[in-house]
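# A closer look at the structure
Spelled out from the first residue to the last, the chains are:
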Amino acid sequence: MKPARRGAKRLAEFTPGLIAEALAARGLGEASLIADWPAIVGETFARHARPIELQWPPRAARRDPEAPARPATLVLRVEGAFALEAQHSASVIVARVNAHLGWRCVDKIAFRQGPLPPLEDRRRLAPPPSDAAEAAGRAAAASIENEDLREAVARLGARAIDRSARLSGPQRGQAVKGD
């Protein structure tokens, strides 16, 4: 068991609870629907439409416990010019969201037109690995028989070697760029 930490706490310790409360207020019990939206529906669609809330149908007071839960309506904010395209893509969006969540959660989509902030590209592309790292990666993967797997492992190894070298900084006796 970890001892209690004294002093200031990391922000990451507070965010899951805060995010869960904000999402629950909008009927969204799954944060990944918001966080992974571009991966779920595709970058093009995500630039023009975003989930606002899930509207669940009202539950009857004496509902049969064996009856399946009725699916929700996903409410999306769409840019005005993209609304028609979004309507035509509704069935595809429903299928992708349900596949992501792992059950038939969404039955239909409702659209709300309005402006959207630009979609942030959070990914930074890593620089290509150095020639020395590529050679080391190929040497490490040389014993793998399957060609596709060998190439994939070599690329992964080269990136890992380069990243490790970047994080550890220049070693003694190595020249630093600009020297």
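Heads up: the structure comes first, above all this text.
This structure is a prediction, so every number in the text was calculated from the model and none was measured.

## So, the overall build of the protein chain
- Helix and strand content of the protein chain: eight helices and three strands.
- Sequence-ordered secondary structure for the protein chain, helices as α and strands as β, is α-α-α-α-β-β-α-α-β-α-α.
- A total of 179 residues make up the protein chain; the buried ones form 25% of that total.
- Pairs at least 24 apart in sequence give 65% of the contacts found in the protein chain among residues at least 6 apart.

## As for the pattern of salt bridges
- What the rule picks out here adds up to two salt bridges.
- Among the ionic pairs, Arg-104 bridges to Asp-107, the shortest N-O distance being 2.8 Å.

## Overview of a positive patch on the surface
- A cluster of basic residues, Arg-155, Arg-159, Arg-163 and Arg-166, forms a positive patch on the protein surface.
- You can see Arg-159 is positioned in helix H8 (residues 147–168).
- Assessed through its relative accessible area of 41%, Arg-159 is described here as partly exposed.

## Quick look at the sheet that holds strand E1 (residues 49–55)
- Ordered by their spatial adjacency, three strands build an open sheet running E1-E2-E3, and the pairing between neighbours is mixed. The strands lining the two open edges of the sheet, one partner per strand, are E1 and strand E3 (106–113). Going across the sheet, the axis of each strand differs from the next one's by a mean of 30 degrees, ignoring polarity.
- Where strand E2 (residues 72–78) lies against E3, seven bridges are found, and the strand directions are parallel. If you follow Leu-76 over to E3, its bridge partner there is Phe-111.
- Contacts from helix H6 (residues 90–101) reach E2 and E3, with the element oriented near 120 degrees to E3.

Procedures and definitions
Residues numbered from 1 in each chain as written. Predicted model: local features only at pLDDT ≥ 70, side-chain atom pairs only at ≥ 80, totals over all residues. Heavy atoms only, no water. Helix = DSSP H or I, 4+ residues; strand = E, 2+ residues; numbered from the N terminus. Buried < 20%, exposed > 50% of the residue type's maximum accessible area, 1.4 Å probe, protein only. Contact = heavy atoms within 4.5 Å. Salt bridge = Lys/Arg side-chain N within 4 Å of Asp/Glu carboxyl O. Patch = residues over 30% accessible without salt bridge, like charges linked within 9 Å, V, L, I, M, F, W, Y side chains within 5 Å. Areas by Shrake-Rupley, 256 points an atom, 1.4 Å probe, with all protein chains shown as cover. Lys, Arg positive; Asp, Glu negative; His and termini not counted. Charge placed at Lys NZ, Arg CZ, Asp CG, Glu CD. Pairing = 2+ DSSP bridges. Axes fitted to C-alpha atoms, helices over the stretch in contact; angles between N-to-C directions.

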